[in-house]
Amino acid sequence: MKRILFIAILFVMPFLLQAQLIELPKMKVPGLKWETAYQFDKVNHLKVDYYDKKGRLKQSHDYEIYYQQSGKDFCVKLITGKTDIETVFDLKNESVVQTFSSKGTESMYNATRFTFPDESKAKRIELKPTGEKREILGLECEAFIYTLRNQTGKAWIATSEQMSNDYGIFRASKMGMFHNTLSTGGFVVEIETEDTNGNRTLMQTISLRNNASYKATFDGVNMGTAINKVSYFNF
């Protein structure tokens, strides 16, 4: 018997992780491939703080997004305090490899396939400009607001910045079932949201384009494989 970890990760506000562990006969997932190692040379640091309606900090999550100066693969590392969740996006093989690490326990590994939704199926979040401008981390940013179901938000976007939002706070904060693209171009540097109960979430970029030498290695690990395909934007 081989343990198959069937899991889909959604980065939401607040963060939600859903996982189901099931036992299936030993099998291979057709077309599922990944590399034994991935090397990254750049990293962006992000921070997400959750506040209750009285303004008290409830929890914080730190993100490190590793990427390649020459290349497309990237790695999102979420540090919650108790568990580290590392997600490597392999764009060549259209696969995702995840590592779940917790102190005192053996790391768990899971690989699954993803699909790119075509442009006609992309879900766009409509942003309205406010005219406000400020500099964040040396980038000239403009403020845009939006309303999404029971949530209002304000996003600060460096409209002239060409860096992929895969390497930023938009990926870490997006709700894939609601939106996965923006109605305007640019790199999202900061997002602040508030729900109808007054709970607030502040998502900030702490630093960009730091040099790094980070290697994610999967040679010889006990890899579980998921039988499902998940939309690229839903991770």
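Only a predicted model underlies this, so the values are computations on that prediction, with no experimental measurement involved.

What counts and how
- Residues numbered from 1 in each chain as written.
- Predicted model: local features only at pLDDT ≥ 70, side-chain atom pairs only at ≥ 80, totals over all residues.
- Heavy atoms only, no water.
- Pairing = 2+ DSSP bridges.
- Helix = DSSP H or I, 4+ residues; strand = E, 2+ residues; numbered from the N terminus.
- Axes fitted to C-alpha atoms, helices over the stretch in contact; angles between N-to-C directions.
- Salt bridge = Lys/Arg side-chain N within 4 Å of Asp/Glu carboxyl O.
- Buried < 20%, exposed > 50% of the residue type's maximum accessible area, 1.4 Å probe, protein only.
- Phe/Tyr/Trp six-rings, centres within 6.5 Å; stacked < 30°, edge-to-face > 60°.
- Lys NZ or Arg CZ within 6 Å of the ring centre and 35° of its normal.

Sorry, what's going on with the sheet that holds strand E6 (residues 83-90) here?
To summarise the sheet geometry, strands pair through backbone hydrogen bonds and adopt either a parallel or an antiparallel arrangement. Strand order in the open sheet formed by twelve strands is E10-E11-E12-E14-E15-E3-E4-E5-E6-E7-E8-E16, with mixed pairing between adjacent strands. With partners counted over all chains shown, the strands left at the sheet margins are strand E10 (128-136) and strand E16 (223-231), one partner each. Sheet twist, expressed as the mean angle between neighbouring strand axes with direction ignored, is 25°. Note: strand E5 (residues 74-79) against E6, six bridges, orientation antiparallel. Pairing of Phe74 across the sheet is with Phe89, part of E6.

I tried to follow the pattern of salt bridges on my own but got confused; where do I start?
Charged atoms that come close allow side chains of opposite charge to pair. Taken as a whole and judged by the stated rule, the model has nine salt bridges. Its salt-bridge partner being Asp49, residue Lys47 comes within 3.7 Å of it at the nearest N-O pair. Note that Asp166 and Arg171 form a salt bridge whose closest N and O atoms lie 2.8 Å from each other. Across the pair, Arg171 and Asp166 agree in class, each one buried. When salt bridges with common partners are traced through the structure, they connect Lys47, Asp49 and Asp62 into a single cluster.

Where do I start with the packing of aromatic side chains in this structure?
Two aromatic rings, taken as a pair, are described by how far apart their centres are and by the angle between their planes. With the rule as written, the count across this model stands at twelve aromatic pairs. Both rings, one in Phe114 and one in Tyr232, keep their centres 5.0 Å apart while their planes meet at 45°; by these two values the pair is tilted. Taken as a pair, Phe114 in strand E8 (residues 108-115) and Tyr232 in the segment after E16 lie far apart in primary sequence, 118 residues in all. Look at Tyr232 and you get buried, because its relative accessible area is 3%. Here the aromatic residues Tyr67, Phe74, Phe89, Phe114, Phe116, Tyr167, Tyr232, Phe233 and Phe235 are joined through ring pairs into a cluster of three or more. The ring of Trp156 has Arg134 lying over it, and the distance from NZ or CZ to the ring centre is 4.8 Å. Just above the ring of Tyr51 sits the side chain of Arg200; from NZ or CZ to the centre is 4.4 Å.

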